[in-house]
Amino acid sequence: MVNGSYQWRFKARKDLTSNSGITVRGMLSKLHGAIDANDPRPTVNLGHGDPSAFPSFRTTPETEDAIVSAVRSAKFNGYPPSVGILPARRAIAEYLSSDLPYKLSPDDVNLTSGCAQAIEVILSVLSQPNANILLPRPGFPLYEARSAFSHLEFRHFDLLPERGWEVDLDAVEALADDNTVAMVIVNPGNPSGSVYSYQHLQKVAETARRLGIMVIADEVYARVVFGTNPFVPMGTFGSIAPVITLGSISKRWLVPGWRLGWLVITDPNGILKETKIVGSIHGFLHICSDPATFIQGAIPKIIEDTKEDFFKNVVDKLKQAADICYEKLEDIDCLTCPQKPAGSMFSMVKLNLPFLDDISDDMDFCYKLVKEEKVVIIPGISVGLKNWLRVTIAVEPSSFDDALGRVKSFCQRHAKKQ
Ligand SMILES: *Cc1c(COP(=O)(O)O)cnc(C)c1O
């Protein structure tokens, strides 16, 4: 016989139970909860980062065939090495090298379960007592949530909307101290939609060099550009300051569910080797689960067989959406888009509260918008910028038009009477 009541000693971590509010995923599910079930109109989600469900944003048959062949070959049924299988690492090294002034080796490439796990790996490895990292604001909130979970202190530098969302490099210099280990840039930008020039990226590298820190370059939207600046990988400046490049097939190939990403050492002078960070990354990968082996097995064919036409088509659609977004917003008094998106799948839009009657802030705007119009938009506060909105432009053009029309009538209904 056992007497007494059972009491488990577990105490939930506050940073996990309260996280749902600060990640984009958590915010999306809260907003979806506010939808009026009696409204017959379709919900339009301008909050997501995953357009793969739309017919216009389906991946290529070549990519699908690559998976089928990998599965059918029966060569990829076993466990992979923790850094990933060699043919996949070689294919990614070649793919990325075509944009760089030096050649990457397959040993520079580590495969991860999407770019998200690459973020997890690097932030976990960098988290040591007293260390701090510099993060962009607005940014991708997984960096904050992951750093907090690993007890890695983070400090924010601003991106400047009036300068095309460039990094405020003076702020970076002012924030850094002897315990700063890295700064993060996201280029092409989520949520800013900006694409940095060669000159700006070079200045970022020079700043990192002066501070003795490395640059973590989130290039999950690499080559997804449709403005005037071409995409320049941060690794181009790897000989000025060491760079760790994070990426995945999720966005460019429109398959975020396939969970294949990479963490690449773009450090031609081998500075990082001396700090044993590469060894730490390998050590950390030993205790992580790996991307599915058959996805790794398909990578060489996915990269080789995807035709330029497919990428061009997607980029053209995004450009068209960026134009529509920019034009339609010109027409809405309470919203301004300081810069037409030039890359990624997002645009940051400023909320002009003085034009609105009964809206207290961005959160209030988004809650009332979804309740009244069934349009989901992420409030800027979720990506670090209060009283802004993050709008996804990667939606089917017809429903995008419809959604912006609903946003307009919402704004008119709530406009301050003159
Ligand atoms: C989508 C996204 C990621 C995560 O990419 P996955 O490959 O889906 O894990 C990381 N960083 C940014 C900026 C993103 O937009």
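Everything here concerns the structure above.
Summary of the structure given here. (Residues numbered from 1 in each chain as written. Predicted model: local features only at pLDDT ≥ 70, side-chain atom pairs only at ≥ 80, totals over all residues. Heavy atoms only, no water.)

## Re the packing of helix 5 (residues 114-126) against helix 10 (residues 277-286)
Running from N to C, helix 5 and helix 10 point in directions that differ by 120°, and their axes come no closer than 10 Å. Judged by the angle between their axes, helix 5 and helix 10 are oblique. For the pair helix 5 and helix 10, the sense of crossing is right-handed. Facing helix 5, whose interface residues are Glu120, Val121, Ile122, Ser124, Val125 and Leu126, helix 10 presents Ile277, Ser280, Ile281, Phe284 and Leu285. (Axes fitted to C-alpha atoms, helices over the stretch in contact; angles between N-to-C directions. Helix = DSSP H or I, 4+ residues; strand = E, 2+ residues; numbered from the N terminus. Parallel < 35°, antiparallel > 145°, perpendicular 65-115°, else oblique. Left-handed = near helix turned anticlockwise from the far one by under 90°. Contact = heavy atoms within 4.5 Å.)

## Structural notes on the pairing of strand 14 (residues 388-392)
The element strand 14 is extensively covered by neighbouring structure, given that five of its five residues are classed as buried. Residues of strand 14 alternate between two faces, with Trp388, Arg390 and Thr392 on one and Leu389 and Val391 on the opposite face, all of them buried. As paired elements, strand 11 (residues 346-351) and strand 14 share five bridges and run antiparallel to each other. By the bridge assignment, Met348 is partnered in strand 14 with Arg390. Note that strand 13 (residues 378-379) and strand 14 share two bridges and pair antiparallel. In the strand pairing of strand 14, Ile378 is matched with Arg390. (Buried < 20%, exposed > 50% of the residue type's maximum accessible area, 1.4 Å probe, protein only. Pairing = 2+ DSSP bridges.)

## A word on unusual backbone geometry
The amide bond that connects Arg137 to the next residue, Pro138, takes the cis arrangement and shows omega of 5°. With respect to the helices and strands, Pro138 occurs in the loop between strand 3 (132-137) and helix 6 (142-149). The peptide bond linking Asn190 to Pro191 adopts the cis configuration, its omega dihedral lying at 15°. Residue placement: Pro191 occurs in the loop between strand 6 (180-186) and helix 8 (198-211). Positive phi, normally seen in glycine, also occurs at Leu254, with a value near 60°. Mapped onto the secondary structure, Leu254 falls in the loop between strand 8 (243-248) and strand 9 (261-266). A residue is classified by how much of its surface remains accessible, and Leu254, at 3% relative accessible area, is buried. A positive phi is found at Asn387, a non-glycine position, where the angle reads about 65°. With respect to the helices and strands, Asn387 occurs in the loop between strand 13 and strand 14.

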